[in-house]
Amino acid sequence: MPVLSRLIPLALLALCASHRSAAQDASEKTISAILAAMSLEEKAGQMTQLTLGALSSREANSENPDGHQLDPVKLRHAIVNKHIGSILNVHNMAFSAEHWHRTLTTIQDLATKETGHKIPILYGIDSVHGANYVREATLFPHNLGLAATCNTQLVEQCHAITARETRAAGIPWNFGPSLDVGRQPLWSRYVETFGEDVHIASMMATAAVRGLQGNSLSSPHSVAATAKHFLAYSFPASGQDRTQSLLPEHYLREHFLPPFLHAVEQNVQAIMVNSSEVNGLPVHANHNVLTKLLRGQMKFKGVVVTDWEDVKKLHNLHRVAPNIKEAVRLSVQAGIDMCMAPNDFHFTNNLIALVREGLVPEEVLNASVRRILRLKFALGLFDNPYPDPDAAGEIGKEDAHALSRQAARESLVLLKNNGVLPLSKESTILLTGPGCHSLTALHGSWSYTWQGTDEAAYPETLDTVLESFNARHGRENVLWARGAQWDGSTDFDYALRKARNADVIVCVLAERPGTETPGNIRDLSMPENQLRLVRRLATGKPLVLVLLENRPRLITKVAGHCHAIIYAGHPGPHGGGALYELLMGQFNPSGRLPFTYPRDPNSLLPYDHKHSDTIGPDKDTPGFNPLYEFGHGLSYTTFKYDKLKVPTEPLNQTDNLNISVDVTNTGPRKGTETVHVFIRDLYATVAPPIKRLRAFSQVELPPGETKTITFSIPVTDLSYFGTKNHLILEPGEFEVMISDQKARIAVQQE
Ligand code: BGC
């Protein structure tokens, strides 16, 4: 599907949206009646979101996962006296569905039985890769792994399961998908992105929002989605989370905006704001971004929610407001509807004061509250805000696990294979490295706890890589030695001794999971003790490297020692089994890198860099020289491309660019190939990038078979953001590149 042409039909969509159904008209009337009866305090409360921890007396922990307790006094105060509209989060770690049901029932009882307008609470949660705060739920690979599958249908299905299991716990609102484009590999939330390419991220945005929201928000299988974090959160200049992005507007529009456009086109119900500053301006105070762009140009109609404590931070971190009251004024005037406060009533109290003093018009609150109430209506909360006691059976079903297993298999990327893979069934395998016996390494952040690092928080039913290998290969055929640990310690001698009795060494290097500021790093290299382990194991015996990681940690120093390398990211609960099957050739790998794997610490260019970025120190040293290219991924078969056909006549700007290419499976076994269509503008006013991905498609081929793959790309997708920051399409020549095939096309002046 086209990327940039998607900008055009938005106006059309807005028109369609104005044809509301009778049910919507009825709810609009009810909303108007409620709004008219609401006091100023109730409106400010409705716009306030608190975290569950602030309303609880005891948190859950791994000894007592359902030991969490609500604090009845705090809860009553927040809901009945302060009229809060929303609650978020878990308290420390995942609850069972039963505990969620109890908690939500108590909350909704208070809201709908003991408040004047009986407005249900809108509960929101981070179901980042599955319903990761529900103990029985099915987790999936993180988004980066899903992007590696190149399978949009699968991504939609995974998100549909996430919705089903989140809603079954009684929670109707998800803070996802993350639509930040991953163009800064140091960033601690890289694995939460769909990678560096805007086209893939946009296609995945569509799939994710569709999967989460389904056909009807009030369905017991749907949740409201939140596209986050608007805008350009993922490009911190320093690489550290929540630090400023500095980027020209045309670059911002080209690379960071489109996934959000696609989400809005899918009627995403909420947008969460970027916590940091873009070009010096904190986004939470930026009217141009939150109102002019988001509501004016993009026609977003839903709820804008802040990120964690970010209104306060306009004062105490970004220092654009001399006090918290001014911070509240700035954020509301900029366009936020709901403040993730999340611990106190600074937002509520100051907002009330600002309206009383005439500094914020009450109409601003009316518009926000109307949006919040609309969302509650659309989710069916006014009809029934309670969890369905029978829905717990919807969580962790076999179809969900089958999908997670498929996603894990398709997410693995075979980066290198010198012929050692697949392994023989008879081989004795040594598993080593910090990732081989760790659930946290397989799952990454946002897994049962925020950081995902509490091994005791994981259900006992889950298998580590070692346990998966033992179960499939026979315990007697699998040896293991930790080799290196996250605390920096090593035991190379023991690993080497074990290696003597093995036919093959599988070294599972792993980044210790982390997200947001706890996940910040200052060195992209894989920790030194892990690299040393690989070097020590390089004795000539087949050495397979597996990478469990949040971002592309540099492995250049050891890649040459390895006979095979697999990028696995954080593949989730079925990652261990999927790795085993890949190594044994039980399926044919098809994952493709959705990012550029860097070779050098200070050369972090994406694939769609500029021609001038290719300048190196001398003619033999390219300026762009990654370890593995974006889109790279090997298979156990081979594919050949042939007969690329493109239009020979010049195209008009309103035409479609119709392309066909033959793909043949020239190897020994069935395989799935992703066909990437790159296009390069030969000359443009703003120096054009080397190439841009404009379409992709997957094809499964038995050995010896050829298929003709066709694409129809709107010529408008060849446009780019010009110096005036809007899309322009300059006539001229373009080059179409599919694998080793190349052809020129021309676009003429209308
Ligand atoms: C994160 C958001 C998340 C929110 C609620 C913030 O710290 O940046 O992505 O949705 O917390 O948990």
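Residues numbered from 1 in each chain as written. Predicted model: local features only at pLDDT ≥ 70, side-chain atom pairs only at ≥ 80, totals over all residues. Heavy atoms only, no water.

Details of the domain arrangement of the protein chain
The domain boundaries assigned to the protein chain delineate domain 1 (1–33), domain 2 (38–394), domain 3 (412–614) and domain 4 (639–747). For domain 1 and domain 3, the distance between their C-alpha centroids amounts to 46 Å. (Domains from an automatic or database assignment.)

Observations regarding unusual backbone geometry
Cis peptide bonds are those with omega within 30 degrees of zero, and the linkage from Lys228 to His229 qualifies with 0 degrees. Summarising the element assignment, His229 is placed in strand β7 (residues 226–230). Of note, the bond from Leu421 into Pro422 is cis; its omega dihedral lies within 30 degrees of zero at -5 degrees. Relative to the helices and strands, Pro422 is located in the loop between β13 (413–417) and β14 (429–432). The backbone phi angle of Asn92 is positive, close to 85 degrees, even though this residue is not glycine. Along the chain, the position of Asn92 falls in the loop between β4 (86–88) and α5 (97–113). For Asn92, a relative accessible area of 37% puts it in the partly exposed group. Of note in this structure, Ser739 is not a glycine but carries a positive phi near 50 degrees. (Helix = DSSP H or I, 4+ residues; strand = E, 2+ residues; numbered from the N terminus. Buried < 20%, exposed > 50% of the residue type's maximum accessible area, 1.4 Å probe, protein only.)

Looking at the packing of aromatic side chains
Going through the model one piece at a time under the given rule, you end up with 18 aromatic pairs. Judged by centre distance (4.9 Å) and plane angle (85 degrees), the ring pair of Trp187 and Tyr233 falls under edge-to-face. Placement of Trp187 in the loop between β6 (173–174) and α8 (198–213) and of Tyr233 in the loop between β7 and α9 (249–255) is noted, with a sequence separation of 46 residues between them. Note on accessibility: Trp187 and Tyr233 belong to one class, buried. Judged by centre distance (4.0 Å) and plane angle (20 degrees), the rings of Phe377 and Phe382 are stacked. Assessed through its relative accessible area of 22%, Phe377 is described here as partly exposed. Given the relative accessible area of 22%, Phe382 is considered partly exposed. Taken together, Tyr190, Tyr567, Phe595, Tyr597 and Tyr628 form an aromatic cluster joined through their ring pairs. (Phe/Tyr/Trp six-rings, centres within 6.5 Å; stacked < 30°, edge-to-face > 60°.)

Re helix α4 (residues 72–81)
For α4, every residue scored as buried is listed here: Leu75, Ala78, Ile79 and Val80. Within α4, the buried residues cover an arc of 170 degrees as seen down the axis, which keeps them to one side. As for α4, its buried residues are in contact with β1 (48–51), β3 (69–70), β4 and α5. The N-terminus of α4 is capped by Asp71, whose side-chain oxygen sits 3.0 Å from the backbone nitrogen of Val73. After α4 finishes, the residue His83 shows a positive phi value of roughly 60 degrees. (Arc of directions from axis to C-beta. Contact = heavy atoms within 4.5 Å. Polar contact = N/O pair within 3.5 Å; in protein donor to acceptor, adjacent residues only side chain to side chain.)

Notes on the pairing of strand β16 (residues 504–510)
Most of β16 sits out of view: seven of its seven residues are buried. Alternating positions in β16 separate into two faces, Val504, Val506, Val508 and Ala510 on one and Ile505, Cys507 and Leu509 on the other, with burial throughout. In this structure, β14 lies alongside β16, joined through four bridges in parallel fashion. Along β16, the bridge assignment pairs Leu431 with Val506. The sheet contact formed by β16 and strand β17 (residues 543–548) spans six bridges and is parallel. Residue pairing in the sheet places Leu509 in a bridge with Leu547 of β17. (Pairing = 2+ DSSP bridges.)

Considering the sheet that holds strand β20 (residues 656–665)
The strand order β19-β20-β23 describes an open sheet built from three strands, whose pairing is antiparallel. Because the sheet does not close on itself, it has two edges, and the strands there are β19 (639–645) and β23 (706–714). Neighbouring strand axes in the sheet, compared pairwise and without regard to direction, differ in orientation by 25 degrees on average. Relative to β20, β19 is paired through five bridges, and the arrangement is antiparallel. Bridge pairing in β20 places Phe639 opposite Asn665. (Axes fitted to C-alpha atoms, helices over the stretch in contact; angles between N-to-C directions.)

Description of the environment of Lys292
Mapped onto the secondary structure, Lys292 falls in helix α11 (residues 287–297). According to the relative accessible area criterion, Lys292 is exposed, its value standing at 51%. Each C-alpha atom of the pair Lys292 and Phe678 lies 33 Å from the other, and the pair is 386 residues apart in sequence.

What about the pattern of salt bridges?
A full pass over the atoms with the stated rule returns 39 salt bridges. Among the salt bridges present, the one from Arg189 reaches Glu192, with a minimum N-O distance of 3.0 Å. When sorted by exposure, Arg189 lands in the same class as Glu192, which is buried. The partner of Glu254 in a salt bridge is Arg692, with the nearest N and O atoms 2.5 Å apart. (Salt bridge = Lys/Arg side-chain N within 4 Å of Asp/Glu carboxyl O.)

Points about the site of the ligand
With respect to spatial proximity, the complete set of residues near the ligand consists of Leu88, Asp126, Phe175, Arg189, Lys228, His229, Arg242, Met272, Asp307, Trp308, Met340 and Glu516. Between the ligand and the protein, one listed contact pairs an oxygen atom with a side-chain N or O atom of Arg242 at 2.9 Å. At 2.6 Å from an oxygen atom of the ligand is found a side-chain nitrogen or oxygen belonging to Glu516. For the ligand, whose unbound accessible area comes to 310 Å², protein coverage reaches 95%. (Near = heavy atom within 4 Å. Areas by Shrake-Rupley, 256 points an atom, 1.4 Å probe, with all protein chains shown as cover.)

What to know about the nonpolar core
If you look at the biggest cluster of nonpolar residues, it comprises 142 residues, and the most contacted ones within it are Ile87, Trp100, Phe230 and Leu231. A per-element tally of this core places α8 first, with nine residues. Apart from residues lying up to four places away in sequence, Trp100 is in contact with Asn89, Val90, Phe95, Tyr123, Ile125, Tyr133, Val134, Ala169 and Ile171. Formed by 37 residues, the second largest nonpolar core is a distinct cluster that contains Leu415, Leu496, Ala499 and Leu547. (Core = buried A, V, L, I, M, F, W, Y, C linked by side-chain atoms within 4.5 Å.)

Here's the deal with the side chain of Thr226
If you trace the backbone, Thr226 turns up in strand β7. Polar side-chain contacts of Thr226 include one of 2.7 Å to the backbone oxygen of Asn174. Leaving out residues up to four positions away in the same chain, Thr226 has contacts with Trp173, Asn174, Phe175, Gly176, Pro177, Val268, Ala270, Ile271, Met272 and Val305.

A look at the environment of Ala78
Take Ala78: it is sitting in helix α4. On the basis of relative accessible area, Ala78 is assigned to the buried category, the value being 0%. A sequence separation of 29 residues divides Ala78 from Gln49, and the C-alpha atoms of the two residues are 9.8 Å apart. When residues no more than four places from it in sequence are discounted, the contact partners of Ala78 are Leu50, Leu55, His83, Ile84 and Phe345.

A word on the sheet that holds β14
Taken together, six strands build an open sheet; the order of strands is β13-β18-β17-β16-β14-β15 and the sheet is mixed. Sheet topology places β13 and β15 (478–481) at the edges, where each strand pairs with a single neighbour. Adjacent strand axes in the sheet meet at a mean angle of 20 degrees, parallel and antiparallel pairs treated alike.

Some words on the side chain of Asp337
Mapped onto the fold, Asp337 is located in the loop between α13 (324–334) and β12 (339–340). Overall, the relative accessible area of 0% leaves Asp337 in the buried class. Side chain to side chain, Asp337 and Ser368 meet in a polar contact 2.7 Å long. A distance of 2.6 Å separates the side chain of Asp337 from the side chain of Arg371, its partner in a polar contact. Apart from residues lying up to four places away in sequence, Asp337 is in contact with Met47, Arg295, Gly302, Val303, Val304, Ser368, Arg371 and Ile372.

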